[in-house]
Amino acid sequence: MGLSPAFFSTPLLRGDGREARNLLVYIHVPFCRRKCNYCAFHSQPFDDVHFAWYMKTLMAEIDLWGRRLKSPRIGTVYFGGGTPSLIPPFQLQLIMDALRRNFTFTSGMEITLEANPDSANDKAYFQHLLSMGINRLSIGFQSLDDRNLETLGRPHSARQAAETFYMAREAGFGNISVDLIWGLPRQKPKDWNNELKAVVKLKPEHVSCYGLSIEPGTVFGKRADEGVDLEIPSDDDQARMFIYGAEFLEAYGYIQYEISNFARMGFISRHNQGYWDRMDYLGLGPSAVSTLGSRRFTNPSYLDEYDAAVRGGYIGEDFEELTDEIRAQELVMLTLRTSKGLKLSDYRELTGKELVKEKNALINALYRNGLIRMSGGFLRLTKNGMLVSNSILQSLVFD
Ligand code: SF4
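Given the structure is predicted, the values throughout are model-derived calculations rather than measurements.

Chemist: I tried to follow the overall build of the protein chain on my own but got confused; where do I start?
Modeler: When you go through the protein chain residue by residue, the secondary structure sums to 17 helices and 17 strands. Against the compact-globule benchmark of 21 Å for 399 residues, the protein chain has a radius of gyration of 21 Å, which places it among compact chains. Each principal axis of the C-alpha atoms in the protein chain carries an extent, and together these give about 55 × 55 × 45 Å. Residues counted as buried form 36% of the 399 residues belonging to the protein chain. Residue pairs at least 24 apart in sequence account for 72% of intrachain contacts in the protein chain once pairs closer than 6 positions are excluded.

Here it is, written out as structure tokens:
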């Protein structure tokens, strides 16, 4: 599908005609030390040759989008992966310089880098990050229990994870998030609670807690296909981990602002909140996804195809047009993940319909079962509702 030149030369507009807020920029870094047993993200082992190729193409892609979009104002940058902390500081500096040349940085921007304890483990490294403007870290702990880390196939220990955290803090990072996974093989609710106790002692500003999901093609997925019992906790135990875990974190001052995300006051992830608020985002790097106005496209996953698309100048040309129906589905699916919830008037504006009337029987049933509540013109999931969010969202959107 071709893009009209006007698409790239007009100011960014949302599909509904409103001028876009500052753009969110995501940079995908597709390299890892080795593949973790649960991971379905696009990544490959790090080596100098492929990394040099990636860098060259990424720099060209940044230039290309800077020209096409006429140096748009950006509000956040997020280096995700993969393992962005495998990028040496000198090369990261080159990327940051290219971003500054091609985009308009706004004041107080949030610039996040995902760091893994196996690669980000010295204070000077963190000082370098701060000096180039990276002001938020997301550290991939996943667990603070060595047995769990081994089960997950993580290339670091719990001690290394804590040391990475302390080093980043000592270097001057005042906004650190840590990622954890719950519902692990053989994990009991009390084990999860112990992990959370260890985490709150570190006092991170933000905690992300994801339930383990067994994805096809991963080591866990293959074992499950072979009939191996992964000893995943029962549904009841998983429910306890989710609900009590959230209550525990809230007791320590972390507000659950999205199903999997908790933050101290003033430290929500502005980048991720932007996704849930359906802001425009530009994804750079192989397999990165973008949504500009009502158009969505995904970069090729493999380096050779990604490189060819950037060099050929046709990156982003194969886009999907987001219809009002898709946008309404996304509005429901994204906003109901957040504690703010779905503003019912936004749904009305987009569709001309009243969701509560349209789905009256379902919403009443969810309300009676304590899974949903409504106030001030917003529809929200309760904690129990968040626990079964997938099936609720599925029924609200597709049934
Ligand atoms: S470090 Fe992250 S991206 Fe890399 S394999 Fe592990 S989970 Fe996947």
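Past the structure itself, the notes keep going.
Chemist: How should I be thinking about the packing of helix α2 (residues 48-68) against helix α3 (residues 89-102) in this particular structure?
Modeler: Each packed pair of helices is defined by two parameters, the angle between the axes and the distance between the axes. Put simply, α2 and α3 touch, their axes get as near as 9 Å, and they point 15° apart. The angle between α2 and α3 places the two elements in the roughly parallel class. Here the hand of the crossing between α2 and α3 comes out right-handed. Between α2 and α3, the residues in contact are Met 55, Leu 58, Met 59, Ile 62, Asp 63, Trp 65 and Gly 66 and Gln 91, Leu 94, Ile 95, Ala 98, Leu 99, Arg 101 and Asn 102, respectively. Grouping the constituent residues of the contact of α2 with α3 by class yields 9 nonpolar, 3 polar and 2 charged.

Chemist: Hey, could you run me through the sheet that holds strand β15 (residues 342-343) in this one?
Modeler: Note on sheets: strands pair through backbone hydrogen bonds, and any given pair is parallel or antiparallel. Pairing is antiparallel across the open sheet formed by 3 strands, whose spatial order is β15-β17-β16. The two strands at the open ends of the sheet, each matched to only one other strand, are β15 and β16 (372-375). Sheet topology note: the β16/strand β17 (residues 378-381) ladder contains 4 bridges and is antiparallel. If you follow Met 374 over to β17, its bridge partner there is Leu 379.

Chemist: Looking at this structure, I do not really get the domain arrangement of the protein chain. What am I missing?
Modeler: Interface size is commonly expressed as the accessible area that is lost once the parts come together. Domain boundaries in the protein chain define domain 1 (5-276) and domain 2 (337-399). Once you take the C-alpha centre of each, domain 1 and domain 2 turn out to be 28 Å apart. Taken residue by residue, the interface counts 9 residues in domain 1 and 7 residues in domain 2. Per-element accounting of the side of domain 1 that touches domain 2 gives the leading share, 4 residues, to helix α9 (residues 235-251). Residues belonging to the side of domain 1 that touches domain 2 are distributed by class as follows: 7 nonpolar, 1 polar and 1 charged.

Chemist: In this structure, what is going on with the site of the ligand? I would like to understand it.
Modeler: By nearness alone, every residue bordering the ligand is listed as Cys 32, Lys 35, Cys 36, Cys 39, Phe 41, Ser 43, Gly 81, Gly 82, Thr 83, Asn 116 and Gly 140. Residues that form the shell around the ligand fall into these classes: 4 nonpolar, 6 polar and 1 charged.

Chemist: I tried to follow α9 on my own but got confused; where do I start?
Modeler: Since one α-helical turn is 3.6 residues long, residues separated by three or four positions face the same way. The terminal C-alpha atoms of α9, which comprises 17 residues, lie 24 Å apart, in line with the 24 Å expected from a rise of 1.5 Å per residue. Considered for burial, the residues of α9 that qualify are Met 241, Phe 242, Gly 245 and Ala 246. The buried residues of α9 occupy an angular sector of 110° when projected down its axis, which confines them to one face. With respect to the buried face of α9, the exposed residues turned more than 90 degrees away are Asp 236, Glu 247 and Ala 251. The inward-facing, buried residues of α9 abut β7 (176-182), α7 (189-202), β8 (206-211), β9 (255-258) and α16 (383-387). A positive phi of about 90° marks Gly 253, the residue just after α9.

Chemist: Which parts of the structure should I look at to understand the packing of helix α12 (residues 324-335) against helix α17 (residues 389-398)?
Modeler: Where α12 contacts α17, the two axes come as close as 10 Å, and the packing angle between them is 155°. One way to sum up the angle between α12 and α17 is to call them roughly antiparallel. The two elements α12 and α17 cross, and the hand of that crossing is right-handed. Taking contact as the criterion, the partners of Gln 329, Val 332 and Met 333 in α12 are, on α17, Leu 393, Leu 396 and Val 397. By residue class, the composition of the contact of α12 with α17 is 5 nonpolar, 1 polar and no charged.

Chemist: Teacher, can you tell me more about unusual backbone geometry here?
Modeler: Most peptide bonds adopt trans geometry, and most residues besides glycine take a negative phi value. A cis amide bond links Gly 81 with the next residue in sequence, Gly 82, at an omega value of 20°. Tracing the backbone shows Gly 82 in the loop between β4 (73-81) and α3. Phi at Gln 142 takes a positive value of approximately 70°, unusual for a residue other than glycine. Assessed through the 27 C-beta atoms surrounding it within 10 Å, Gln 142 is described here as buried. Even without being glycine, Arg 278 reaches a positive phi, approximately 60°. With respect to the helices and strands, the residue Arg 278 is situated in the loop between α10 (270-276) and β11 (281-284). With 17 C-beta atoms packed within 10 Å, Arg 278 lands in the partly exposed category.

Chemist: Help me understand the nonpolar core, please; the structure alone is not making it clear to me.
Modeler: Most often, soluble globular proteins keep nonpolar side chains buried together rather than apart. In this structure, Val 25, Tyr 26, Ile 27, Val 178, Leu 180 and Leu 284 are the most contacted members of the largest nonpolar core, which totals 78 residues. In terms of residue count, the dominant contributor to this core is strand β1 (residues 23-29) (6 residues). Residues from two domains meet in this core; each of domain 1 (5-276) and domain 2 (337-399) gives at least three. Every residue in contact with Ile 27, bar those within four places of it in the chain, is listed here: Val 77, Phe 79, Ile 95, Leu 284 and Gly 285.

Chemist: Can you help me understand the pairing of β17 in this one?
Modeler: Looking down a regular strand, the side chains alternate between one sheet face and the other. Alternating positions in β17 separate cleanly, Leu 379 and Leu 381 being buried on one face and Phe 378 and Arg 380 remaining unburied on the opposite face. Where β15 meets β17, 2 bridges bridge the pair, whose relative direction is antiparallel. Within the sheet, the bridge partner assigned to Leu 342 lies in β17 and is Leu 379. Two successive antiparallel strands, β16 and β17, enclose a turn made up of 2 residues, where Gly 376 displays a positive phi of approximately 55°.

Quick notes on the rules
Residues numbered from 1 in each chain as written. Predicted model: local features only at pLDDT ≥ 70, side-chain atom pairs only at ≥ 80, totals over all residues. Helix = DSSP H or I, 4+ residues; strand = E, 2+ residues; numbered from the N terminus. Rg over C-alpha atoms; globule rule 2.2 N^0.38 Å. Buried ≥ 20, exposed ≤ 12 C-beta atoms within 10 Å, placed from the backbone. Contact = placed C-beta atoms within 7 Å. Axes fitted to C-alpha atoms, helices over the stretch in contact; angles between N-to-C directions. Parallel < 35°, antiparallel > 145°, perpendicular 65-115°, else oblique. Left-handed = near helix turned anticlockwise from the far one by under 90°. Nonpolar A, V, L, I, M, F, W, Y, C, P; charged D, E, K, R; others polar. Pairing = 2+ DSSP bridges. Domains from an automatic or database assignment. Near = placed C-beta within 6 Å. Expected span 1.5 Å × (residues − 1). Arc of directions from axis to C-beta. Core = buried A, V, L, I, M, F, W, Y, C linked by C-beta atoms within 7 Å.

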